[in-house]
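One-letter residues, chain by chain:
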Amino acid sequence: MSAAAIALNRFGLGARPDEPPPDDPRRWLLAQFDRFSATPTATGRTRTDDLLADYQNRRRELRGASDADKQAMRQALRRDARAAYVAAANARLDSAVKTPTPFVERLVHFWSNHFAVSVEKPAVLGLAGAYENEAIRPFILGRFDELLRSAVRHPAMLVYLDQAQSIGPDSPAAQRIASNDPARRRGLNENLAREIMELHTLGARTGYTQADVTEFARALTGWTLAAPEAPAAVGRGAGSKEEGMPAPAPAGAMGEAPGGFRYRNALHEPGPRTVLGRVYAQPGEQQARAILDDLAVAPATARHIASKLAIHFVSDNPPPALIDRLAAAFERSRGDLPTVYRALVDSPECWATNFGKFKTPWDWTVSSMRALGPPELRGAQAAQMLDQLGQPMWRPGSPAGFEDFALSWAAPDALVRRVELAQRLAAQAGRGGATADPRTLASRVLPGDALGERTRLAVSRAESAGTALALLLVSPDFLRR
(Lines give C-alpha, C1' and ligand atoms only; values in the text may rest on other atoms or scores of the structure.)
Protein backbone atom coordinates (compact mmCIF):
# COMPACT_ATOMS: atom_id res chain seq x y z
CA MET A 1 0.00 0.00 0.00
CA SER A 2 1.42 3.36 -1.01
CA ALA A 3 1.89 6.21 1.46
CA ALA A 4 -0.98 8.07 -0.19
CA ALA A 5 -3.29 5.07 0.19
CA ILE A 6 -2.29 4.70 3.85
CA ALA A 7 -3.00 8.38 4.50
CA LEU A 8 -6.40 8.15 2.82
CA ASN A 9 -7.53 4.86 4.34
CA ARG A 10 -5.62 4.13 7.53
CA PHE A 11 -5.55 7.71 8.83
CA GLY A 12 -8.51 9.04 6.89
CA LEU A 13 -11.99 7.70 6.20
CA GLY A 14 -11.42 6.37 2.70
CA ALA A 15 -10.60 7.91 -0.66
CA ARG A 16 -13.06 9.91 -2.72
CA PRO A 17 -12.80 9.57 -6.51
CA ASP A 18 -13.22 13.33 -7.00
CA GLU A 19 -10.16 14.13 -4.86
CA PRO A 20 -6.60 13.36 -6.03
CA PRO A 21 -4.26 11.40 -3.73
CA PRO A 22 -2.06 13.72 -1.66
CA ASP A 23 1.40 14.41 -3.05
CA ASP A 24 2.82 14.75 0.47
CA PRO A 25 0.72 12.43 2.67
CA ARG A 26 2.23 13.48 6.01
CA ARG A 27 1.82 17.18 5.31
CA TRP A 28 -1.72 16.55 4.07
CA LEU A 29 -2.65 14.90 7.35
CA LEU A 30 -1.12 17.54 9.61
CA ALA A 31 -2.53 20.44 7.57
CA GLN A 32 -6.01 19.24 8.48
CA PHE A 33 -5.51 20.52 12.04
CA ASP A 34 -5.80 24.08 10.74
CA ARG A 35 -8.73 23.38 8.42
CA PHE A 36 -10.94 21.35 10.74
CA SER A 37 -14.27 22.91 11.68
CA ALA A 38 -15.41 22.03 15.19
CA THR A 39 -18.92 23.14 14.24
CA PRO A 40 -20.60 20.56 12.00
CA THR A 41 -22.33 21.97 8.94
CA ALA A 42 -24.81 19.13 8.41
CA THR A 43 -28.38 19.31 9.58
CA GLY A 44 -29.76 17.52 12.62
CA ARG A 45 -27.84 19.60 15.18
CA THR A 46 -29.72 20.69 18.29
CA ARG A 47 -28.10 22.02 21.47
CA THR A 48 -28.00 19.86 24.57
CA ASP A 49 -29.62 22.53 26.72
CA ASP A 50 -32.64 22.71 24.41
CA LEU A 51 -32.98 18.94 24.12
CA LEU A 52 -32.68 18.38 27.85
CA ALA A 53 -35.00 21.22 28.78
CA ASP A 54 -37.69 19.94 26.44
CA TYR A 55 -37.29 16.40 27.78
CA GLN A 56 -37.54 17.47 31.41
CA ASN A 57 -40.47 19.82 30.87
CA ARG A 58 -42.44 17.12 29.10
CA ARG A 59 -41.68 14.64 31.88
CA ARG A 60 -43.10 17.12 34.38
CA GLU A 61 -46.21 17.49 32.28
CA LEU A 62 -46.51 13.72 32.07
CA ARG A 63 -46.47 13.32 35.86
CA GLY A 64 -49.32 15.78 36.16
CA ALA A 65 -51.39 14.31 33.34
CA SER A 66 -54.43 12.12 33.71
CA ASP A 67 -54.06 8.37 33.36
CA ALA A 68 -55.98 8.53 30.10
CA ASP A 69 -53.41 10.90 28.56
CA LYS A 70 -50.19 9.38 29.88
CA GLN A 71 -49.77 6.61 27.32
CA ALA A 72 -50.09 8.97 24.35
CA MET A 73 -47.70 11.45 25.99
CA ARG A 74 -45.12 8.71 26.62
CA GLN A 75 -45.36 7.57 23.02
CA ALA A 76 -44.93 11.13 21.75
CA LEU A 77 -41.87 11.63 23.97
CA ARG A 78 -40.33 8.39 22.75
CA ARG A 79 -41.12 9.24 19.12
CA ASP A 80 -39.55 12.70 19.34
CA ALA A 81 -36.42 11.37 21.06
CA ARG A 82 -36.09 8.78 18.31
CA ALA A 83 -36.52 11.48 15.68
CA ALA A 84 -33.70 13.53 17.24
CA TYR A 85 -31.49 10.43 17.23
CA VAL A 86 -32.27 9.62 13.59
CA ALA A 87 -31.54 13.18 12.48
CA ALA A 88 -28.23 13.21 14.38
CA ALA A 89 -27.25 9.80 12.97
CA ASN A 90 -27.92 10.91 9.39
CA ALA A 91 -26.01 14.14 9.99
CA ARG A 92 -23.02 12.26 11.44
CA LEU A 93 -22.79 9.94 8.45
CA ASP A 94 -23.27 12.81 6.02
CA SER A 95 -20.46 14.78 7.68
CA ALA A 96 -18.12 11.79 7.59
CA VAL A 97 -18.77 11.21 3.89
CA LYS A 98 -18.32 14.85 2.88
CA THR A 99 -15.63 16.08 5.29
CA PRO A 100 -12.54 17.72 3.78
CA THR A 101 -10.58 16.79 6.95
CA PRO A 102 -11.05 13.01 7.23
CA PHE A 103 -8.09 12.40 9.57
CA VAL A 104 -9.46 14.77 12.18
CA GLU A 105 -12.99 13.48 11.62
CA ARG A 106 -11.69 9.98 12.37
CA LEU A 107 -10.28 11.34 15.61
CA VAL A 108 -13.76 12.63 16.50
CA HIS A 109 -15.10 9.10 16.08
CA PHE A 110 -12.18 7.62 18.01
CA TRP A 111 -12.69 9.88 21.03
CA SER A 112 -16.47 9.56 20.91
CA ASN A 113 -16.01 5.81 21.24
CA HIS A 114 -13.37 6.23 23.96
CA PHE A 115 -15.84 8.30 26.00
CA ALA A 116 -18.77 6.13 25.01
CA VAL A 117 -22.39 6.68 25.95
CA SER A 118 -25.31 4.50 24.84
CA VAL A 119 -28.77 5.29 23.53
CA GLU A 120 -29.98 2.07 25.11
CA LYS A 121 -30.78 4.31 28.05
CA PRO A 122 -33.92 6.16 26.87
CA ALA A 123 -32.91 9.48 28.39
CA VAL A 124 -29.70 9.42 26.30
CA LEU A 125 -31.47 8.69 23.01
CA GLY A 126 -32.02 12.30 22.04
CA LEU A 127 -28.73 13.54 23.52
CA ALA A 128 -26.12 11.33 21.82
CA GLY A 129 -25.61 13.49 18.75
CA ALA A 130 -25.36 16.69 20.77
CA TYR A 131 -22.90 14.98 23.11
CA GLU A 132 -20.50 14.20 20.28
CA ASN A 133 -20.90 17.64 18.72
CA GLU A 134 -20.51 19.65 21.93
CA ALA A 135 -18.41 17.57 24.30
CA ILE A 136 -16.05 15.82 21.86
CA ARG A 137 -15.60 17.70 18.56
CA PRO A 138 -14.47 21.08 19.96
CA PHE A 139 -11.81 19.51 22.20
CA ILE A 140 -9.99 16.88 20.13
CA LEU A 141 -7.26 19.34 19.06
CA GLY A 142 -6.65 20.65 22.56
CA ARG A 143 -5.38 19.06 25.77
CA PHE A 144 -6.58 15.72 27.05
CA ASP A 145 -7.61 17.15 30.43
CA GLU A 146 -9.98 19.56 28.67
CA LEU A 147 -11.48 16.77 26.57
CA LEU A 148 -11.83 14.54 29.63
CA ARG A 149 -13.55 17.23 31.67
CA SER A 150 -15.90 18.12 28.81
CA ALA A 151 -16.94 14.51 28.19
CA VAL A 152 -17.57 13.45 31.78
CA ARG A 153 -19.53 16.61 32.65
CA HIS A 154 -21.91 16.40 29.71
CA PRO A 155 -25.51 15.47 30.61
CA ALA A 156 -25.41 12.40 28.34
CA MET A 157 -22.50 10.95 30.36
CA LEU A 158 -23.98 12.02 33.70
CA VAL A 159 -27.23 10.26 32.81
CA TYR A 160 -25.65 7.20 31.18
CA LEU A 161 -23.43 6.42 34.15
CA ASP A 162 -26.02 7.46 36.75
CA GLN A 163 -23.98 10.33 38.16
CA ALA A 164 -27.07 12.56 38.06
CA GLN A 165 -28.49 10.34 40.84
CA SER A 166 -25.42 10.22 43.09
CA ILE A 167 -25.70 11.89 46.50
CA GLY A 168 -23.08 12.02 49.24
CA PRO A 169 -24.34 9.81 52.11
CA ASP A 170 -23.53 12.56 54.65
CA SER A 171 -24.38 15.50 52.41
CA PRO A 172 -26.97 18.10 53.46
CA ALA A 173 -29.39 16.75 50.82
CA ALA A 174 -29.08 13.17 52.09
CA GLN A 175 -29.67 14.30 55.65
CA ARG A 176 -32.79 16.23 54.65
CA ILE A 177 -34.13 13.26 52.69
CA ALA A 178 -33.54 10.93 55.66
CA SER A 179 -35.21 13.38 58.02
CA ASN A 180 -38.27 13.91 55.84
CA ASP A 181 -38.72 10.33 54.64
CA PRO A 182 -36.47 7.68 56.28
CA ALA A 183 -37.78 5.02 53.86
CA ARG A 184 -36.58 6.95 50.81
CA ARG A 185 -32.86 6.38 50.58
CA ARG A 186 -30.64 7.79 47.83
CA GLY A 187 -26.91 7.51 48.06
CA LEU A 188 -23.55 7.19 46.37
CA ASN A 189 -23.20 5.86 42.83
CA GLU A 190 -19.70 4.79 41.75
CA ASN A 191 -20.27 4.20 38.03
CA LEU A 192 -18.76 7.42 36.70
CA ALA A 193 -15.76 7.28 39.03
CA ARG A 194 -15.03 3.67 38.09
CA GLU A 195 -15.30 4.21 34.34
CA ILE A 196 -13.19 7.37 34.42
CA MET A 197 -10.37 5.43 36.07
CA GLU A 198 -10.74 2.13 34.23
CA LEU A 199 -11.74 3.29 30.75
CA HIS A 200 -11.11 7.00 30.28
CA THR A 201 -7.76 7.54 32.02
CA LEU A 202 -5.58 5.00 33.86
CA GLY A 203 -6.83 1.77 32.31
CA ALA A 204 -7.62 -1.54 33.98
CA ARG A 205 -5.21 -3.18 36.41
CA THR A 206 -2.99 -0.15 36.84
CA GLY A 207 -2.76 -0.07 40.62
CA TYR A 208 -5.87 1.77 41.78
CA THR A 209 -8.14 0.06 44.31
CA GLN A 210 -11.83 -0.13 45.11
CA ALA A 211 -11.18 2.34 47.91
CA ASP A 212 -9.81 4.80 45.34
CA VAL A 213 -12.97 4.40 43.26
CA THR A 214 -15.21 5.02 46.27
CA GLU A 215 -13.25 8.07 47.36
CA PHE A 216 -13.36 9.50 43.83
CA ALA A 217 -17.11 8.85 43.68
CA ARG A 218 -17.53 10.81 46.92
CA ALA A 219 -15.57 13.69 45.42
CA LEU A 220 -17.81 13.65 42.34
CA THR A 221 -21.02 14.07 44.32
CA GLY A 222 -22.65 17.36 43.44
CA TRP A 223 -21.82 16.96 39.74
CA THR A 224 -25.31 16.74 38.27
CA LEU A 225 -27.80 18.40 35.93
CA ALA A 226 -29.13 21.94 35.86
CA ALA A 227 -32.78 21.08 36.10
CA PRO A 228 -35.62 20.67 38.55
CA GLU A 229 -35.13 16.95 37.99
CA ALA A 230 -32.57 14.51 36.61
CA PRO A 231 -33.17 11.55 34.28
CA ALA A 232 -33.17 8.44 36.39
CA ALA A 233 -30.99 5.38 36.00
CA VAL A 234 -31.85 2.27 34.10
CA GLY A 235 -29.72 -0.76 34.92
CA ARG A 236 -26.92 -0.09 37.38
CA GLY A 237 -27.72 2.35 40.15
CA ALA A 238 -30.88 3.68 41.71
CA GLY A 239 -33.65 5.69 40.18
CA SER A 240 -37.07 5.63 38.59
CA LYS A 241 -37.80 2.46 36.65
CA GLU A 242 -40.22 4.13 34.29
CA GLU A 243 -38.71 4.54 30.82
CA GLY A 244 -35.38 5.74 32.28
CA MET A 245 -37.16 8.99 32.98
CA PRO A 246 -36.52 11.75 35.51
CA ALA A 247 -36.88 11.32 39.21
CA PRO A 248 -37.64 14.26 41.50
CA ALA A 249 -34.60 16.36 42.32
CA PRO A 250 -33.32 16.71 45.87
CA ALA A 251 -34.26 19.67 47.98
CA GLY A 252 -32.60 22.86 46.86
CA ALA A 253 -32.87 22.18 43.13
CA MET A 254 -36.09 24.07 42.48
CA GLY A 255 -35.89 27.32 40.60
CA GLU A 256 -32.92 26.40 38.38
CA ALA A 257 -33.40 26.56 34.63
CA PRO A 258 -33.28 23.25 32.76
CA GLY A 259 -30.07 22.72 30.84
CA GLY A 260 -26.64 21.13 31.15
CA PHE A 261 -24.11 20.50 33.90
CA ARG A 262 -24.48 22.05 37.35
CA TYR A 263 -22.61 21.62 40.58
CA ARG A 264 -24.85 21.45 43.67
CA ASN A 265 -23.06 21.70 46.94
CA ALA A 266 -26.04 20.30 48.84
CA LEU A 267 -25.33 16.90 47.22
CA HIS A 268 -21.59 16.94 47.89
CA GLU A 269 -20.05 14.58 50.43
CA PRO A 270 -18.12 16.76 52.89
CA GLY A 271 -14.51 16.19 53.88
CA PRO A 272 -11.14 15.49 52.23
CA ARG A 273 -10.68 12.53 49.90
CA THR A 274 -7.65 10.28 49.42
CA VAL A 275 -7.14 8.90 45.91
CA LEU A 276 -4.04 6.97 44.82
CA GLY A 277 -2.28 8.04 48.00
CA ARG A 278 -2.86 11.77 47.51
CA VAL A 279 -5.11 13.82 49.76
CA TYR A 280 -7.55 16.23 48.13
CA ALA A 281 -8.98 18.81 50.49
CA GLN A 282 -10.29 21.27 47.91
CA PRO A 283 -13.76 22.68 48.54
CA GLY A 284 -16.83 21.58 46.60
CA GLU A 285 -16.59 21.15 42.86
CA GLN A 286 -12.84 21.78 42.80
CA GLN A 287 -12.15 18.54 44.65
CA ALA A 288 -13.22 16.23 41.84
CA ARG A 289 -11.70 18.55 39.27
CA ALA A 290 -8.31 18.34 41.01
CA ILE A 291 -8.51 14.54 40.94
CA LEU A 292 -9.46 14.60 37.25
CA ASP A 293 -6.54 16.91 36.45
CA ASP A 294 -4.09 14.50 38.09
CA LEU A 295 -5.61 11.45 36.40
CA ALA A 296 -5.38 13.21 33.02
CA VAL A 297 -1.58 13.49 33.16
CA ALA A 298 -0.75 10.27 35.01
CA PRO A 299 1.85 8.02 33.33
CA ALA A 300 -0.68 5.17 33.28
CA THR A 301 -3.11 7.40 31.39
CA ALA A 302 -0.42 8.29 28.86
CA ARG A 303 0.23 4.62 28.20
CA HIS A 304 -3.46 3.71 28.07
CA ILE A 305 -4.21 6.42 25.49
CA ALA A 306 -1.05 5.59 23.51
CA SER A 307 -2.04 1.92 23.36
CA LYS A 308 -5.57 2.69 22.14
CA LEU A 309 -4.30 5.06 19.44
CA ALA A 310 -1.72 2.53 18.26
CA ILE A 311 -4.34 -0.21 18.10
CA HIS A 312 -6.76 2.02 16.20
CA PHE A 313 -4.33 3.37 13.62
CA VAL A 314 -1.81 0.57 13.13
CA SER A 315 -2.61 -2.96 14.24
CA ASP A 316 -4.59 -5.11 16.64
CA ASN A 317 -1.15 -5.97 18.08
CA PRO A 318 0.86 -2.76 17.69
CA PRO A 319 4.64 -2.66 18.14
CA PRO A 320 5.65 -1.82 21.74
CA ALA A 321 8.09 0.80 20.44
CA LEU A 322 5.21 2.75 18.91
CA ILE A 323 3.25 2.70 22.16
CA ASP A 324 6.36 3.86 24.03
CA ARG A 325 6.86 6.73 21.59
CA LEU A 326 3.26 7.92 21.81
CA ALA A 327 3.18 7.63 25.60
CA ALA A 328 6.39 9.68 25.82
CA ALA A 329 4.86 12.38 23.61
CA PHE A 330 1.76 12.44 25.81
CA GLU A 331 3.78 12.72 29.03
CA ARG A 332 6.25 15.25 27.66
CA SER A 333 3.47 17.55 26.45
CA ARG A 334 1.22 16.87 29.47
CA GLY A 335 -1.53 15.58 27.25
CA ASP A 336 -1.35 18.01 24.33
CA LEU A 337 -3.24 15.96 21.79
CA PRO A 338 -1.85 17.48 18.54
CA THR A 339 1.64 16.67 19.85
CA VAL A 340 0.58 13.03 20.23
CA TYR A 341 -1.03 12.99 16.79
CA ARG A 342 2.15 14.37 15.21
CA ALA A 343 4.16 11.64 16.91
CA LEU A 344 1.70 9.14 15.45
CA VAL A 345 2.02 10.53 11.91
CA ASP A 346 5.82 10.68 12.22
CA SER A 347 6.13 7.06 13.40
CA PRO A 348 7.43 4.69 10.72
CA GLU A 349 5.23 1.87 12.02
CA CYS A 350 2.13 3.76 10.88
CA TRP A 351 3.37 3.69 7.30
CA ALA A 352 4.50 0.07 7.25
CA THR A 353 2.68 -2.02 4.66
CA ASN A 354 2.82 -5.17 6.81
CA PHE A 355 0.38 -3.60 9.27
CA GLY A 356 -3.26 -2.80 8.72
CA LYS A 357 -6.71 -2.79 10.28
CA PHE A 358 -9.90 -4.60 9.38
CA LYS A 359 -12.61 -1.99 8.95
CA THR A 360 -15.35 -1.82 11.54
CA PRO A 361 -18.90 -1.60 10.15
CA TRP A 362 -18.82 2.17 10.66
CA ASP A 363 -15.48 2.51 8.83
CA TRP A 364 -16.67 0.32 6.00
CA THR A 365 -19.98 2.18 5.58
CA VAL A 366 -18.29 5.58 5.52
CA SER A 367 -15.55 4.53 3.12
CA SER A 368 -18.09 2.83 0.83
CA MET A 369 -20.16 5.99 0.62
CA ARG A 370 -17.09 8.15 0.09
CA ALA A 371 -16.13 5.84 -2.79
CA LEU A 372 -19.57 5.81 -4.42
CA GLY A 373 -20.51 9.41 -3.77
CA PRO A 374 -22.59 11.07 -1.06
CA PRO A 375 -25.99 9.38 -0.77
CA GLU A 376 -29.28 11.04 -0.12
CA LEU A 377 -30.13 9.73 3.34
CA ARG A 378 -33.84 9.25 3.84
CA GLY A 379 -35.65 8.51 7.09
CA ALA A 380 -33.65 6.34 9.45
CA GLN A 381 -31.33 5.03 6.73
CA ALA A 382 -28.03 5.70 8.52
CA ALA A 383 -29.19 4.15 11.78
CA GLN A 384 -30.71 1.15 10.00
CA MET A 385 -27.56 0.41 7.99
CA LEU A 386 -25.38 0.39 11.09
CA ASP A 387 -27.96 -1.70 12.94
CA GLN A 388 -27.88 -4.24 10.11
CA LEU A 389 -24.08 -4.42 10.22
CA GLY A 390 -23.97 -4.96 13.97
CA GLN A 391 -22.52 -1.63 15.09
CA PRO A 392 -25.58 0.48 15.96
CA MET A 393 -24.68 4.14 16.15
CA TRP A 394 -23.98 5.37 19.71
CA ARG A 395 -25.12 2.03 21.14
CA PRO A 396 -22.14 0.00 22.29
CA GLY A 397 -22.74 -2.90 24.61
CA SER A 398 -20.92 -1.30 27.51
CA PRO A 399 -19.20 1.94 28.61
CA ALA A 400 -16.01 0.50 27.07
CA GLY A 401 -17.35 1.39 23.62
CA PHE A 402 -17.12 -0.72 20.49
CA GLU A 403 -14.24 -3.15 20.12
CA ASP A 404 -11.37 -2.18 17.81
CA PHE A 405 -10.21 -5.67 16.86
CA ALA A 406 -10.81 -7.69 13.70
CA LEU A 407 -12.05 -10.66 15.73
CA SER A 408 -15.12 -8.63 16.72
CA TRP A 409 -16.14 -7.75 13.15
CA ALA A 410 -14.86 -10.43 10.73
CA ALA A 411 -17.23 -13.30 11.50
CA PRO A 412 -18.77 -15.01 8.44
CA ASP A 413 -22.32 -13.80 9.16
CA ALA A 414 -21.03 -10.22 9.55
CA LEU A 415 -19.33 -10.44 6.13
CA VAL A 416 -22.55 -11.73 4.58
CA ARG A 417 -24.36 -8.63 5.86
CA ARG A 418 -21.71 -6.44 4.24
CA VAL A 419 -22.18 -8.25 0.94
CA GLU A 420 -25.93 -7.64 1.11
CA LEU A 421 -25.48 -3.96 1.88
CA ALA A 422 -22.76 -3.59 -0.78
CA GLN A 423 -25.22 -4.85 -3.39
CA ARG A 424 -27.83 -2.31 -2.29
CA LEU A 425 -25.34 0.57 -2.24
CA ALA A 426 -24.02 -0.40 -5.67
CA ALA A 427 -27.55 -0.57 -7.09
CA GLN A 428 -28.37 2.80 -5.56
CA ALA A 429 -25.20 4.32 -7.04
CA GLY A 430 -26.04 2.85 -10.42
CA ARG A 431 -29.52 4.36 -10.37
CA GLY A 432 -28.02 7.73 -9.48
CA GLY A 433 -25.82 7.60 -12.58
CA ALA A 434 -23.01 9.57 -10.95
CA THR A 435 -20.52 6.76 -10.33
CA ALA A 436 -17.50 6.38 -12.61
CA ASP A 437 -16.62 3.22 -14.48
CA PRO A 438 -15.93 0.57 -11.76
CA ARG A 439 -12.42 -0.10 -13.09
CA THR A 440 -11.54 3.58 -12.97
CA LEU A 441 -13.20 3.97 -9.58
CA ALA A 442 -11.24 1.05 -8.14
CA SER A 443 -7.90 2.61 -9.08
CA ARG A 444 -8.96 5.96 -7.57
CA VAL A 445 -10.22 4.73 -4.20
CA LEU A 446 -7.39 2.18 -3.87
CA PRO A 447 -4.49 4.14 -5.39
CA GLY A 448 -1.12 2.61 -6.18
CA ASP A 449 -0.44 -0.87 -4.90
CA ALA A 450 -3.52 -0.77 -2.64
CA LEU A 451 -5.52 -2.28 -5.52
CA GLY A 452 -4.44 -5.90 -5.70
CA GLU A 453 -4.38 -7.87 -8.94
CA ARG A 454 -7.13 -10.27 -7.85
CA THR A 455 -9.45 -7.38 -6.99
CA ARG A 456 -8.64 -5.60 -10.26
CA LEU A 457 -9.45 -8.72 -12.27
CA ALA A 458 -12.68 -9.41 -10.35
CA VAL A 459 -13.91 -5.87 -10.96
CA SER A 460 -12.94 -5.85 -14.64
CA ARG A 461 -14.55 -9.24 -15.36
CA ALA A 462 -17.83 -8.62 -13.50
CA GLU A 463 -20.98 -9.18 -15.54
CA SER A 464 -22.39 -5.75 -14.74
CA ALA A 465 -21.34 -2.38 -13.34
CA GLY A 466 -23.43 -2.96 -10.23
CA THR A 467 -21.79 -6.33 -9.58
CA ALA A 468 -18.36 -4.80 -10.15
CA LEU A 469 -19.03 -2.06 -7.59
CA ALA A 470 -20.31 -4.56 -5.03
CA LEU A 471 -17.25 -6.78 -5.57
CA LEU A 472 -15.00 -3.78 -5.05
CA LEU A 473 -16.67 -2.87 -1.73
CA VAL A 474 -16.33 -6.39 -0.29
CA SER A 475 -12.87 -7.13 -1.68
CA PRO A 476 -10.09 -7.86 0.85
CA ASP A 477 -8.30 -4.73 -0.35
CA PHE A 478 -11.29 -2.51 0.48
CA LEU A 479 -12.19 -4.28 3.75
CA ARG A 480 -8.84 -3.32 5.26
CA ARG A 481 -7.27 0.04 5.91
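Remember, it's a predicted structure, so these values are computed and weren't measured experimentally.

Bringing the overall build of the protein into the picture now. Tallying secondary structure elements over the protein gives 23 helices and six strands in all. Relative to a compact globule of 481 residues, whose C-alpha radius of gyration would be 23 Å, the protein shows 24 Å and is just as compact. Dimensions of the protein along its principal axes, counting C-alpha atoms only, are 80 × 60 × 40 Å. The proportion of buried residues among the 481 residues of the protein is 55%. Expressed as a percentage of contacts within the protein between residues at least 6 apart in sequence, the contacts between residues at least 24 apart total 76%. Roughly 19,700 Å² of accessible area belongs to the protein as shown, and the carbon and sulfur atoms make up 51% of that amount. Considering the protein, the positive charge centre built from 60 side chains and the negative charge centre built from 53 side chains are found 1 Å apart.

Turning our eyes to something else, we now look at helix 1 (residues 3–11). Of all nine residues in helix 1, eight are buried; the element is thus mostly enclosed. Regarding helix 1, the residues found buried are Ala 4, Ala 5, Ile 6, Ala 7, Leu 8, Asn 9, Arg 10 and Phe 11. In the core, the buried residues of helix 1 are packed alongside helix 2 (25–35), helix 5 (102–114), helix 14 (299–313), helix 16 (337–346) and helix 20 (438–445).

As a further point, take the pattern of salt bridges. Throughout the structure, instances matching the rule amount to 27 salt bridges. A salt bridge links Arg 218 to Glu 215; its shortest N-O distance comes to 2.9 Å. On the criterion of helical spacing, the pair formed by Arg 218 and Glu 215 is a turn pair, its members being three residues apart in helix 12 (residues 210–220). When its relative accessible area of 28% is taken as the criterion, Arg 218 is described as partly exposed. Salt-bridge contacts for Arg 325 lead to Glu 349; the nearest nitrogen and oxygen are separated by 2.9 Å. Pair noted here: Arg 325 is in helix 15 (residues 320–333) and Glu 349 is in the loop between helix 16 and helix 17 (361–372), with a separation of 24 residues, a long-range link. With a relative accessible area of 31%, Arg 325 lands in the partly exposed category. You can call Glu 349 buried: its relative accessible area is 12%. Shared partners join several salt bridges into a network, and the residues in it are Arg 47, Asp 49 and Asp 50.

All right, on to the packing of aromatic side chains then. Across all of its chains, the model carries 14 aromatic pairs by this definition. Ring centres of Phe 402 and Trp 409 lie 6.2 Å apart, and the angle between their planes is 55 degrees; on these two criteria the pair is classed as tilted. Using a relative accessible area of 8% as the deciding quantity, one classes Trp 409 as buried. A connected cluster of aromatic rings, assembled from ring pairs, spans Phe 11, Phe 33, Phe 103, Phe 313, Tyr 341 and Trp 351. The aromatic ring of Phe 261 is capped on one face by Arg 153, whose charged end is 4.0 Å from the ring centroid.

When two helices pack together, their arrangement is given by the angle between the helix axes and by the axis-to-axis distance. Where helix 15 contacts helix 16, the two axes come as close as 9 Å, and the packing angle between them is 155 degrees. By the angle class used here, helix 15 and helix 16 are roughly antiparallel. At the point where helix 15 passes helix 16, the crossing takes the right-handed sense. Seen from helix 15, the contacting residues are Leu 326, Ala 329, Phe 330 and Ser 333; seen from helix 16, they are Thr 339, Val 340, Ala 343 and Leu 344. Looking at the contact of helix 15 with helix 16 residue by residue, the classes come out as six nonpolar, two polar and no charged.

In this model, Arg 334 sits at a positive phi of 55 degrees, which is unusual for a non-glycine residue. On the secondary structure map, Arg 334 appears in the loop between helix 15 and helix 16. The backbone of Trp 394 shows a phi angle near 55 degrees, a positive value even though the residue is not glycine. Mapped onto the elements, Trp 394 comes out in the loop between helix 18 (381–389) and helix 19 (412–432). The class for Trp 394 is buried, based on a relative accessible area of 8%.

By volume, the largest pocket is sized at about 740 Å³. Broken down by secondary-structure element, the contributors of at least two residues to the lining of the largest pocket are helix 5, helix 11 (191–200), helix 14 and helix 17. Counting residues per element, the lining of the largest pocket draws most heavily on helix 5, which supplies six residues. A class-by-class count of the residues in the lining of the largest pocket yields 16 nonpolar, ten polar and seven charged.

Ranked by size, the top nonpolar core spans 82 residues in total, and within it Phe 11, Trp 111, Phe 115 and Phe 216 carry the most contacts. Leu 13, Ala 81, Ala 96 and Ala 382 belong to the second largest nonpolar core, which has 51 residues in total.

Turning our eyes to something else, we now look at the side chain of Thr 224. Examined against the element boundaries, Thr 224 turns out to sit in strand 1 (residues 223–225). Residue class for Thr 224 comes out buried when judged on its relative accessible area of 1%. Here the side chain of Thr 224 touches Ala 164 through a polar contact of 3.4 Å, landing on its backbone oxygen. Once residues within four sequence positions are removed from consideration, Thr 224 is found in contact with Leu 158, Ala 164, Gly 260, Phe 261, Arg 262, Arg 264 and Leu 267.

Turning to its location among the elements, Gln 165 is positioned in the loop between helix 9 (155–160) and helix 10 (172–180). Spatially, the C-alpha atoms of Gln 165 and Val 419 are 44 Å apart, while their sequence positions differ by 254 residues.

Analysis parameters
Residues numbered from 1 in each chain as written. Predicted model: local features only at pLDDT ≥ 70, side-chain atom pairs only at ≥ 80, totals over all residues. Heavy atoms only, no water. Helix = DSSP H or I, 4+ residues; strand = E, 2+ residues; numbered from the N terminus. Rg over C-alpha atoms; globule rule 2.2 N^0.38 Å. Buried < 20%, exposed > 50% of the residue type's maximum accessible area, 1.4 Å probe, protein only. Contact = heavy atoms within 4.5 Å. Areas by Shrake-Rupley, 256 points an atom, 1.4 Å probe, with all protein chains shown as cover. Lys, Arg positive; Asp, Glu negative; His and termini not counted. Charge placed at Lys NZ, Arg CZ, Asp CG, Glu CD. Salt bridge = Lys/Arg side-chain N within 4 Å of Asp/Glu carboxyl O. Phe/Tyr/Trp six-rings, centres within 6.5 Å; stacked < 30°, edge-to-face > 60°. Lys NZ or Arg CZ within 6 Å of the ring centre and 35° of its normal. Axes fitted to C-alpha atoms, helices over the stretch in contact; angles between N-to-C directions. Parallel < 35°, antiparallel > 145°, perpendicular 65-115°, else oblique. Left-handed = near helix turned anticlockwise from the far one by under 90°. Nonpolar A, V, L, I, M, F, W, Y, C, P; charged D, E, K, R; others polar. 1 Å grid on protein atoms, 1.4 Å probe; cavity = no way out; pocket = protein on both sides within 12 Å on 5 of 7 lines; lining within 4 Å. Points joined across faces, edges and corners; volume = space filled by probe spheres on them. Core = buried A, V, L, I, M, F, W, Y, C linked by side-chain atoms within 4.5 Å. Polar contact = N/O pair within 3.5 Å; in protein donor to acceptor, adjacent residues only side chain to side chain.

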